[in-house]
Amino acid sequence: MITKGLILLTRAWQKGPSRVLPPSCRFQPSCSAYAITALQRYGALKGSWLALKRIFRCHPWGGQGFDPVP
């Protein structure tokens, strides 16, 4: 139930603010797609942790390129 709610919030981000903001994602797949996959695969707790770690890596000195969910 919590996992589905987090996925709905992420999809709302994809359909709302994400479309208005300029594209700036450094990774493939995007952070929101990564978060959805992580939540589906690992559930609310571990999926959220993986998504947060990915978001925190998204800065000018962070990595880039293909980074799939483990």
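Everything here concerns the structure above.
No experiment lies behind these values; they were computed from the predicted model shown.

K.L.:
Can you walk me through the overall build of the protein chain in this structure?
P.N.:
Within the protein chain, the regular secondary structure consists of 3 helices and 2 strands. Reading the helices (α) and strands (β) of the protein chain from amino to carboxyl end gives α-α-β-α-β. On C-alpha atoms alone, the protein chain measures out to a radius of gyration of 12 Å, which is about the 11 Å that the 2.2 N^0.38 rule sets for 70 residues. For the protein chain, the spread of C-alpha atoms along the principal axes amounts to about 35 × 30 × 15 Å. Going through the 70 residues of the protein chain one by one, you find that 27% of them count as buried. Considering only residue pairs separated by 6 or more positions, the protein chain has 70% of its internal contacts joining residues 24 or more positions apart.

K.L.:
I keep staring at the pattern of salt bridges and nothing clicks. Help me out?
P.N.:
Should the charged atoms of two oppositely charged side chains come close, the side chains can pair. Throughout the structure, instances matching the rule amount to 2 salt bridges. The partner of aspartate 67 in a salt bridge is arginine 54, and the shortest N-O contact between them spans 3.7 Å. Of this pair, aspartate 67 sits in the segment after strand 2 (65–66) while arginine 54 sits in helix 3 (residues 31–56), and the two are 13 residues apart along the sequence. On the basis of relative accessibility, which here comes to 18%, the residue aspartate 67 falls in the buried class.

K.L.:
Hey, could you run me through helix 1 (residues 2–15) in this one?
P.N.:
Each α-helix turn comprises 3.6 residues. Residues three or four places apart therefore point the same way. The first and last C-alpha atoms of helix 1 sit 20 Å apart over 14 residues, in line with the 20 Å expected at 1.5 Å per residue. Looking at helix 1, one finds that the buried residues are Thr3, Ile7 and Thr10. On an axial view of helix 1, the arc spanned by its buried residues comes to 60°, and they lie on one face. Of the exposed residues in helix 1, the ones pointing more than 90 degrees away from its buried face are Ile2, Lys4, Leu8, Leu9 and Lys15. Packing partners of the buried residues in helix 1 comprise helix 3.

Thresholds applied
Residues numbered from 1 in each chain as written. Predicted model: local features only at pLDDT ≥ 70, side-chain atom pairs only at ≥ 80, totals over all residues. Heavy atoms only, no water. Helix = DSSP H or I, 4+ residues; strand = E, 2+ residues; numbered from the N terminus. Rg over C-alpha atoms; globule rule 2.2 N^0.38 Å. Buried < 20%, exposed > 50% of the residue type's maximum accessible area, 1.4 Å probe, protein only. Contact = heavy atoms within 4.5 Å. Salt bridge = Lys/Arg side-chain N within 4 Å of Asp/Glu carboxyl O. Expected span 1.5 Å × (residues − 1). Arc of directions from axis to C-beta.

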